[in-house]
Amino acid sequence: MKWASPFALKRAGILGMNRRNVAYIGQYNKRSLYPLVDNKLKTKLLAEKHQVTVPRLLGVVQQQHEIEHVAELVTNFASFAIKPAKGSGGKGILVITGRDGDDFVKASGSVISQEDVKRHMTNILAGLYSLGGKPDVAIIEELIEFDDRFDGFSFQGVPDIRIIIFQGYPVMAMLRCATRASDGKANLHQGAVGVGLDIATGRCLNAVQFGEVVSQHPDTGKALNQITIPYWTEMLELASTCYDMTSLGYIGTDLVLDKNKGPLLLELNARPGLSIQVANGCGLLPRLKHIEKMKKRHHSPAERVAYAKAAFGQPLAGNTASE
């Protein structure tokens, strides 16, 4: 990995962690609103209230005695996902893709018993995967069937799209593609590929793995510059709606594309990471300042998305936003 000087980072408009925490998260995100996004169950219920599309909720397990009845809860579903409501970074997510008699088949193809599933849910309730190790609840939701157009761009995992929303405007986006190194998870720190996306069109601008530029998926060999996200405008508008839904000024929205249901909101993050800048090969700061200096804001998600596409699109030759 190459190191950049502080002057080079400043010229590129890179937003650092301290400035992000103080000038954006601290200033635009009220702490009283954090539970809306730190708890996936609350986020899902809030999204449904605002008619934001999310994966269907199949059940919730809140007490230890309820785990004994989990088989009855999922009896009508061949595939599903079990998640900790307060988990982060993909930890504690168990994906079931089929049945083998009374047992369950994981995404990797390995078979686990009902007792294994119950043990996993016990760990979730005990807070093994939750923020701060606090007691949690287990969410069971419908499994996402990712769009065939992503075939070869992800390895044993669903690719997701992270869009940073500032004051309701989409300012930067990337596709996160699972790899063998990331163990099928869309987590850049664990080795997933981050693909920077043009805000105007959803096409690939740049791609990185472990901070190094890559042109092909490391496991499938598929050329990453072929990526253009379908339903791009709908995705941007769905992400922009999350600002009205939560009143959080600076958020990371994570979306997926289901081949049957289209764009779905997976979760929100009040403290989105900064690696999206590496994936895009440019900094967030000029775009955030651009929004801050606007004298007139747009009210609807459609208006905000149209403005952002015009202001921040085609950044191959550098940021188009002026400070």
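What counts, and at which threshold
- Residues numbered from 1 in each chain as written.
- Predicted model: local features only at pLDDT ≥ 70, side-chain atom pairs only at ≥ 80, totals over all residues.
- Heavy atoms only, no water.
- Domains from an automatic or database assignment.
- Contact = heavy atoms within 4.5 Å.
- Salt bridge = Lys/Arg side-chain N within 4 Å of Asp/Glu carboxyl O.
- Polar contact = N/O pair within 3.5 Å; in protein donor to acceptor, adjacent residues only side chain to side chain.
- Nonpolar A, V, L, I, M, F, W, Y, C, P; charged D, E, K, R; others polar.
- Axes fitted to C-alpha atoms, helices over the stretch in contact; angles between N-to-C directions.
- Helix = DSSP H or I, 4+ residues; strand = E, 2+ residues; numbered from the N terminus.
- Left-handed = near helix turned anticlockwise from the far one by under 90°.
- Pairing = 2+ DSSP bridges.
- Buried < 20%, exposed > 50% of the residue type's maximum accessible area, 1.4 Å probe, protein only.
- UniProt positions renumbered as here; feature names shortened; annotations may be inferred.
- Parallel < 35°, antiparallel > 145°, perpendicular 65-115°, else oblique.
- Disulfide = S-S within 2.5 Å.

- Per an unreviewed UniProt entry, the protein is named Alpha-L-glutamate ligase-like protein, and its organism is Gallaecimonas pentaromativorans.

Focus on the domain arrangement of the protein
- Split into domains, the protein comes out as domain 1 (6-42 + 148-312) and domain 2 (56-142).
- Spacing between the C-alpha centres of domain 1 and domain 2 amounts to 27 Å.
- Taken residue by residue, the interface counts eight residues in domain 1 and 15 residues in domain 2.
- Here domain 1 and domain 2 share one salt bridge between them.
- A salt bridge links Glu-142 to Lys-261; the nearest nitrogen and oxygen atoms lie 2.4 Å apart.
- Across the contact surface, domain 1 and domain 2 share three residue pairs in polar contact (both at pLDDT 80 or more).
- Here the residues of the side of domain 1 that touches domain 2 are counted per class, giving two nonpolar, two polar and four charged.

Brief notes about the packing of helix α2 (residues 17-28) against helix α9 (residues 285-292)
- Contact geometry of α2 with α9 gives a least axis separation of 13 Å together with a crossing angle of 30 degrees. Crossing hand, α2 versus α9: left-handed. Along the contact surface, α2 presents Arg-19, Tyr-24 and Tyr-28, while α9 presents Leu-285, Leu-288, Lys-289 and Glu-292.
- Its residues placed into classes, the contact of α2 with α9 shows four nonpolar, no polar and three charged.

Topic: the sheet that holds strand β6 (residues 138-142)
- In space, the six strands of this open sheet follow the order β1-β6-β2-β3-β4-β5, with antiparallel pairing throughout. At either end of the open sheet lies a strand with only one pairing partner, and these are β1 (57-61) and β5 (111-112).
- Each of β1, β2 (80-84) and β6 touches helix α4 (residues 40-49); the most contacted strand, β6, lies at about 45 degrees to it.
- Against the sheet, helix α6 (residues 114-125) touches β1, β2, β3 (94-100), β4 (103-106), β5 and β6, its axis set at about 30 degrees to β2.

Describing the environment of Leu-266
- Locating Leu-266 in the fold gives a position in strand β13 (residues 262-269).
- Assessed through its relative accessible area of 24%, Leu-266 is described here as partly exposed.
- In the structure, Leu-266 is positioned 226 residues away from Lys-40 in sequence and 8.5 Å away in space, judged by C-alpha atoms.
- Other than its neighbours up to four places away in sequence, Leu-266 contacts Pro-55, Lys-83, Ile-144, Asp-160, Asp-254, Leu-255 and Val-256.

Let's talk about the UniProt feature "domain: ATP-grasp" (unreviewed entry) in the protein
- Mapped onto this structure's residue numbering, the UniProt feature "domain: ATP-grasp" (unreviewed entry) falls at residues 44-295.
- A helix fraction of 20% and a strand fraction of 29% characterise residues 44-295, whose end C-alpha atoms lie 33 Å from each other.

Comments concerning the packing of helix α7 (residues 232-246) against helix α10 (residues 301-312)
- The interhelical angle for the contact between α7 and α10, taken along N-to-C directions, is 120 degrees, at an axis separation of 9 Å. Relative to α10, α7 is oriented oblique. As for how α7 packs across α10, the hand of that crossing is right-handed. Contacts from Thr-233, Leu-236, Glu-237, Ser-240, Thr-241, Tyr-243 and Asp-244 of α7 reach α10 at Pro-301, Ala-302, Arg-304, Val-305 and Lys-309.
- Residues belonging to the contact of α7 with α10 are distributed by class as follows: five nonpolar, three polar and four charged.

Let's talk about the state of the cysteines
- The final tally for this structure, using the stated rule, is zero disulfides.
- No disulfide involves Cys-204; its nearest neighbouring cysteine sulfur is the one of Cys-177, lying 9.1 Å away.

With respect to the pattern of salt bridges
- Counted according to the given criterion, the structure contains 17 salt bridges.
- A salt bridge links Lys-118 to Glu-68; the nearest nitrogen and oxygen atoms lie 3.5 Å apart. Taken together, the positions of Lys-118 in helix α6 and Glu-68 in the loop between β1 and α5 (70-73) put the pair 50 residues apart, joining distant regions of the chain.
- Under the relative-accessibility criterion, Lys-118 is labelled buried at 11%.
- Among the ionic pairs, Arg-304 bridges to Asp-244, the shortest N-O distance being 2.6 Å. Placement of Arg-304 in helix α10 and of Asp-244 in helix α7 is noted, with a sequence separation of 60 residues between them.
- If you follow the salt bridges from partner to partner, you end up with Asp-160, Arg-162, Arg-176 and Asp-254 in one network.

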